[in-house]
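Coordinate analysis (summary)
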Amino acid sequence: MSVLRKPSVLPGFGLTLGFTLTYLSLIVLLPLAALALKAAGLGWSGFWDAVLTPRVLAAFKVSFGLSLAAAAVNAVFGFIVAWVLVRYRFPGDRIVDALVDLPFALPTAVAGIALSALYAPNGWIGSLLMEWFGLRVAFTPLGIAIALTFIGLPFVVRTVQPILQDLPPEEEEAAAALGATRWQSFRRVVFPALLPALLTGFALAFARGVGEYGSVIFIAGNIPGLSEIIPLLIVIKLEQYDYAGAAAVGVLMLMASFVLLLALNLLQAWMRSRHAR
Amino acid sequence: MGRLSALAAGVALAMLTIAPAKAQTTLLNVSYDPTREFYVEFNKAFAKKWQAENGQTVTVKQSHGGSGKQARSVIDGLDADVVTLALAYDIDAIADSGALPKTWQTRLPNNSSPYTSTIVFLVRKGNPKQIKDWDDLLKPGVQVITPNPKTSGGARWNYLAAWAYSLEKNGNDEAKAKQFVADLFKNVPVLDSGARGSTVTFTQRQLGDVLLAWENEAFLSLQEFGADKFDIVVPSLSILAEPPVTVVDSVVDRKGTRKAAEAYLNFLYTPEAQEIAAKNFYRPRLPEVAARYADRFPNVKLVTIDGSFGGWRTAQEKHFADGGVFDQIYQKGR
């Protein structure tokens, strides 16, 4: 009997783990490694020379800053949308629920063209904003933020929704029985339970925004140093047949996103452990 | 014996099945965006001619996109028998990858450009801002729409035309030319990534007072949106835009399509094809065809990329590479 391996608690684990690693390597790790390899052709100093130019840094500020802003907007309003969809029944709620996924399904370029048509100075919304507030939206950083908000919305709603749905009503009932107001029970009981999911949604929306190209490019204006996003700079470098330079910017983008996502994940884990106590 | 005859029959059968396959040739023409309509018409004419002369059916497939993006696809292995791109620079990049000789541009007449175009101004009907020449683009309050020279081949022609105009006007003063394009780009509110994007911004978003455009795109806009909306203004000096064509040697030699591919490109230089080019708003090279379309294509002083800028490689390096003049004018002003 000793020649036979002890049966595992999880049958098929070896097989599935092998599959997982192979699959991840082929689909994720290999292309990313190729990217890093291409950039490595520049050497360290070449890499920093390609990346640390005022133009690239300005684009980083635009991409990361506006993605953060858009993700923050989505965290607030996506949360409200999820709340309404879970807690209230109203006519057409299923339709609204389906609408949330549209930014996922729509080709991003189509979204970009639609948004820029709406927000252009002669568009439906753009002309009104111009008339009432003298506010230019399309072809400014504000336009970029709107495009990023559009594509990021489903991430927050779809991560918060299931957690909210599964929240045991007993906790809220107990809070009410102990004399908590609605606001107190929301702030002390419901919200802390949802916070990790909300942060996940925020992080996903943010990561998506940083890499977004199609929907932004039509509404951005693309003025160097002002409304130029990082993915556009990569395209520009490719247009000059500067594959290594493009890869270098890509690698920096990857590193920055990875660090930010890791930080958010750690924060999330910390909060989950705190809430569990 | 029986086995041998079976083999012979087999070979004969194989020859039979190969033979009809050989009567059918497929070419892939990898081109840039605004040539779509032209090549649809041209391919039909070529197929007819090829059928009449060789008894073969030839099918030409088309691929369109940004010129630089198309060149990268060919470098990365897209099986293009011929490339018909917006800039010689993009074909140079393919040559650098070894797919065709670096002297490709001498293989066909006229710098391998069978048709030409130039850069003109498209303005709103009646020309409310009175834009007549390049100087008018620098006036305060005039909004100029042009794509980004870093991402668009057409925009590079725009930029170089403005530069050439300033050199001409200021006795070849480079510093003044740099200031001229810097002032011009201060009036540019949006840099779209491609020529079609800028056309949409100007015609549909109603943004800007003047669009710097390929002449053929300007005519297409008139045709599409009606001549009652826009006017074409031809500046006093512009640039001779020469979209080049060539055979991709590595592909045609592998596929055995060299003969058809070469015939395809040579056909571009015939009166029949030149007529189709002119109908699609490209300036024909053949003088007798050009004469018939003289009213459509007004005479304008045209500088060339080789004459005024020392060829595409030099121009690209100086103006559009990282840290080049175009980058400098955006670092200074903001």
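Criteria and cut-off values
Residues numbered from 1 in each chain as written. Chains lettered and ligands numbered in written order. Predicted model: local features only at pLDDT ≥ 70, side-chain atom pairs only at ≥ 80, totals over all residues. Heavy atoms only, no water. UniProt positions renumbered as here; feature names shortened; annotations may be inferred. Helix = DSSP H or I, 4+ residues; strand = E, 2+ residues; numbered from the N terminus. Buried < 20%, exposed > 50% of the residue type's maximum accessible area, 1.4 Å probe, protein only. Contact = heavy atoms within 4.5 Å. Buried area = accessible area lost by both parts, 1.4 Å probe. Salt bridge = Lys/Arg side-chain N within 4 Å of Asp/Glu carboxyl O. Patch = residues over 30% accessible without salt bridge, like charges linked within 9 Å, V, L, I, M, F, W, Y side chains within 5 Å. Areas by Shrake-Rupley, 256 points an atom, 1.4 Å probe, with all protein chains shown as cover. Phe/Tyr/Trp six-rings, centres within 6.5 Å; stacked < 30°, edge-to-face > 60°. Core = buried A, V, L, I, M, F, W, Y, C linked by side-chain atoms within 4.5 Å. Pairing = 2+ DSSP bridges. Right-handed = clockwise from strand over helix to strand, strands pointing away. Polar contact = N/O pair within 3.5 Å; in protein donor to acceptor, adjacent residues only side chain to side chain. Axes fitted to C-alpha atoms, helices over the stretch in contact; angles between N-to-C directions. Left-handed = near helix turned anticlockwise from the far one by under 90°. Nonpolar A, V, L, I, M, F, W, Y, C, P; charged D, E, K, R; others polar.

As recorded in an unreviewed UniProt entry, chain B goes by the name Sulfate ABC transporter substrate-binding protein, listed as coming from Azospirillum brasilense. According to the UniProt record, the Sequence similarities (unreviewed entry) comment for chain B is "Belongs to the prokaryotic sulfate-binding protein family." Quoted straight from UniProt, the Subcellular location (unreviewed entry) entry for chain B says "Periplasm".

The name given to chain A in an unreviewed UniProt entry is Sulfate transport system permease protein CysT, with the source organism recorded as Azospirillum brasilense. One UniProt comment on chain A, placed under Sequence similarities (unreviewed entry), says "Belongs to the binding-protein-dependent transport system permease family. CysTW subfamily." In its Subunit (unreviewed entry) section, UniProt records this for chain A: "The complex is composed of two ATP-binding proteins (CysA), two transmembrane proteins (CysT and CysW) and a solute-binding protein (CysP)."

**A word on the overall build of chain A**
Along chain A, the regular secondary structure elements total 13 helices and zero strands. Across its three principal directions, the C-alpha atoms of chain A cover 75 × 65 × 30 Å. The buried share among the 277 residues of chain A stands at 41%. Taking contacts inside chain A between residues at least 6 apart in sequence as the whole, the part at least 24 apart equals 74%.

**Digging into the side chain of Ser198(B)**
Positionally, Ser198(B) belongs in helix α7 (residues 195–203). Sequence-distant contacts of Ser198(B), that is, excluding residues within four places in its chain, are made with Ile145(B), Thr146(B), Pro147(B), Asp192(B) and Leu211(B).

**Some remarks on the interface of chain A and chain B**
Facing the 24 residues of chain A at the interface are 31 residues of chain B. Taken together, both faces of the contact between chain A and chain B bury some 2300 Å²; the carbon and sulfur share is 52%. Sorting the residues of chain A by area buried against chain B places Glu239(A), Gln240(A) and Tyr241(A) first, and these three jointly supply 29% of that buried surface. The interface formed by chain A and chain B contains three salt bridges. The partner of Asp327(B) in a salt bridge is Arg55(A), and the shortest N-O contact between them spans 2.7 Å.

**Looking at a nonpolar patch on the surface**
All names here are of chain A. A surface patch of nonpolar side chains, amounting to about 960 Å² of accessible area, comprises Phe19, Tyr23, Leu24, Leu26, Ile27, Val28, Leu29, Leu30, Leu32 and Leu254. A total of nine residues in the nonpolar patch trace back to one element, the largest contributor, which is helix α1 (residues 13–40). With respect to the helices and strands, the residue leucine 30 is situated in helix α1. For leucine 30, a relative accessible area of 51% gives the class exposed.

**Structural notes on the UniProt feature "domain: ABC transmembrane type-1" (unreviewed entry) in chain A**
Sequence positions flagged by UniProt for "domain: ABC transmembrane type-1" (unreviewed entry) are, in local numbering, residues 60–264 of chain A. Overall, residues 60–264 of chain A shows 79% helix and 0% strand. The separation of its end C-alpha atoms is 19 Å.

**Notes on the packing of aromatic side chains**
A full pass over the atoms with the stated rule returns 42 aromatic pairs over all chains. Note on Trp83(A) and Phe186(A): the rings are 5.4 Å apart at their centroids and 85° apart in plane angle, and the pair reads as edge-to-face. With Trp83(A) in helix α3 (residues 54–87) and Phe186(A) in helix α10 (residues 182–211), this pair connects stretches of sequence that are 103 residues apart. On the basis of an interplanar angle of 75° and a centroid distance of 5.2 Å, the ring pair of Phe38(B) and Tyr115(B) is categorised as edge-to-face. Of this pair, Phe38(B) sits in helix α2 (residues 36–54) while Tyr115(B) sits in strand β4 (residues 115–124), and the two are 77 residues apart along the sequence.

**Brief notes about the pattern of salt bridges**
Per the stated rule, a full pass over the model turns up 33 salt bridges over all chains. The salt bridge partner of Asp93(A) is Arg89(A), with a shortest N-O separation of 2.7 Å. On the basis of relative accessible area, Asp93(A) is assigned to the buried category, the value being 12%. Notably, a salt bridge pairs Lys139(B) with Asp136(B), separated by 3.3 Å at the nearest N-O pair. A relative accessible area of 35% means that Lys139(B) is categorised as partly exposed.

**As for unusual backbone geometry**
With a phi angle near 60°, Tyr241(A) is a residue other than glycine that sits in the positive phi range. Mapped onto the elements of the fold, Tyr241(A) is located in the loop between α12 (230–239) and α13 (243–276). Classification of Tyr241(A) as buried rests on a relative accessible area of 16%. Located in the positive-phi region is Gln130(B), a residue other than glycine, with phi close to 55°.

**Topic: the nonpolar core**
Trp134(B) and Trp312(B) are the most contacted members of the largest nonpolar core, which has 91 residues in total. The element best represented in this core is helix α5 (residues 153–169) of chain B, accounting for nine residues. Not counting residues within four places of it along the chain, the set of residues in contact with Trp134(B) comprises Ile119(B), Phe121(B), Asn158(B), Ala161(B), Ala162(B), Tyr165(B), Phe180(B), Leu184(B), Leu212(B), Pro235(B) and Leu237(B). Counting 62 residues, the second largest nonpolar core, distinct from the first, contains Val56(A), Val210(A), Leu252(A) and Leu211(B).

**Let's talk about the pairing of strand β2 (residues 57–65) of chain B**
Residues and elements named next belong to chain B. Pairing of strand β1 (residues 24–32) with β2 involves nine bridges; the strand directions are parallel. When the bridges of β2 are listed, leucine 28 appears paired with lysine 61. Of the crossover connections in this fold, the one passing from β1 over α2 to the parallel β2 is right-handed.

**Description of the side chain of Asn216(B)**
Residue and element names in this part refer to chain B. Summarising the element assignment, asparagine 216 is placed in helix α8 (residues 215–225). A residue is classified by how much of its surface remains accessible, and asparagine 216, at 1% relative accessible area, is buried. One polar contact links asparagine 216 to serine 117, side chain to side chain, over a distance of 3.3 Å.

**A word on the sheet that holds strand β9 (residues 245–247) of chain B**
Residues and elements named next belong to chain B. If you trace the four strands from one edge of the open sheet to the other, you get β2-β1-β3-β9, paired in mixed fashion. In the strand order of this sheet, the two ends are held by β2 and β9, each with one partner. Strand-to-strand twist across the sheet, computed as the mean angle between neighbouring axes with direction ignored, equals 20°. Where β1 and strand β3 (residues 82–84) come together, three bridges link them in parallel fashion.

**Points about the packing of helix α9 (residues 169–177) of chain A against α10(A)**
Any two packed helices are characterised by the angle at which their axes cross and by the distance between the axes. All names here are of chain A. Axis separation between α9 and α10 bottoms out at 10 Å; the angle between their running directions is 145°. Viewed along their axes, α9 and α10 form a crossing whose handedness is right-handed. Contacts between α9 and α10 involve Glu171, Glu172 and Ala175 on the former and, on the latter, Ser185, Val189 and Val190. Classifying every residue of the contact of α9 with α10 by side-chain character gives three nonpolar, one polar and two charged.

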